[in-house]
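Reading the structure
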Amino acid sequence: MREKKTFLEYANEAARKIRQVNKLLCGTETTEEGSMLDEIDTCIYYMLQMHLSPIIGEEVSSDMMLDKATEIMYADEEKIKELEKQLC
């Protein structure tokens, strides 16, 4: 049975796996702009912004939301737990 995870944990895991796949295929964790992996990574980024916007009370395109989504995508497991406590 799969471990139950939160939305933030799943989003973080998906972003991490995209970086791993890109590193295997291209030798770097940074996706090439416009590539399929970059587009998937961008979708995760926007999903995080949409999910967090009503929780934080910030506009989706605000600098704070941009920073928070990026922070979640690159956080380790401990940081994700800490962020969840702050946000919920």
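As shown above, the structure is provided for reference.
Residues numbered from 1 in each chain as written. Predicted model: local features only at pLDDT ≥ 70, side-chain atom pairs only at ≥ 80, totals over all residues. Heavy atoms only, no water.

Comments concerning the side chain of Asn22
This is how it is decided: Each helix is a run of H or I in the DSSP string that is no shorter than four residues. Each strand is a run of E no shorter than two, and both are numbered from the N terminus. Contacts: residue pairs with any heavy atoms within 4.5 Å of one another.
Assignment of secondary structure puts Asn22 in helix α1 (residues 7–26). Other than its neighbours up to four places away in sequence, Asn22 contacts Gly27, Thr28, Glu29, Thr30, Thr31 and Leu37.

Focus on helix α3 (residues 63–74)
So the rule is basically this: Expected helix span is given by 1.5 Å per residue-to-residue step, counting one fewer step than there are residues. Residue exposure (1.4 Å probe, protein chains only): buried if accessible area is under 20% of the type maximum, exposed if over 50%, otherwise partly exposed. An arc is given here, and it is the one of the directions from the helix axis to the C-beta atoms.
Compared with the 16 Å implied by 1.5 Å per residue over twelve residues, the 17 Å span of α3 between its first and last C-alpha is a close match. Three or more residues of α3 are buried, namely Met65, Lys68, Ala69, Ile72 and Met73. Down the axis of α3, the buried set is contained in an arc of 135°. They therefore lie on one face. Among the exposed residues of α3, those oriented more than 90 degrees off its buried face are Asp63, Asp67 and Tyr74. On its buried face, α3 sits against α1, α2 (36–56) and α4 (77–87).

Here's the deal with the packing of α1 against α2
Heads up, the condition is: Axis definition: a line fitted to C-alpha atoms, limited for helices to the stretch in contact. Angles are taken between N-to-C directions and run from 0 to 180 degrees. Geometric relationships in this document are graded by angle, where less than 35 degrees denotes roughly parallel, more than 145 denotes roughly antiparallel, 65 to 115 denotes roughly perpendicular, and other angles denote oblique. By definition, any crossing whose near helix is turned counterclockwise from its far helix by less than a right angle is left-handed, and any crossing with a clockwise turn is right-handed.
Axis separation between α1 and α2 bottoms out at 10 Å; the angle between their running directions is 165°. The orientation of α1 relative to α2 falls into the category roughly antiparallel. Relative to α2, the crossing made by α1 is left-handed. Residues Phe7, Leu8, Ala11, Ala14, Ala15, Ile18, Val21, Asn22 and Leu25 of α1 touch α2, and the partners they reach there are Leu37, Ile40, Asp41, Ile44, Met47, Leu48, His51 and Leu52.

A word on the side chain of Asp38
Defined as follows: This count recognises Lys and Arg as positive and Asp and Glu as negative, with His and chain-terminal groups excluded. Each salt bridge in this description consists of a side-chain nitrogen of Lys or Arg and a carboxyl oxygen of Asp or Glu lying within 4 Å of one another.
Residue placement: Asp38 occurs in helix α2. For the buried Asp38, no salt bridge exists, and the shortest N-O distance to an oppositely charged side chain is 11 Å, to Arg19. When near neighbours in sequence (up to four residues on either side) are disregarded, Asp38 contacts Thr31, Glu32 and Glu33.

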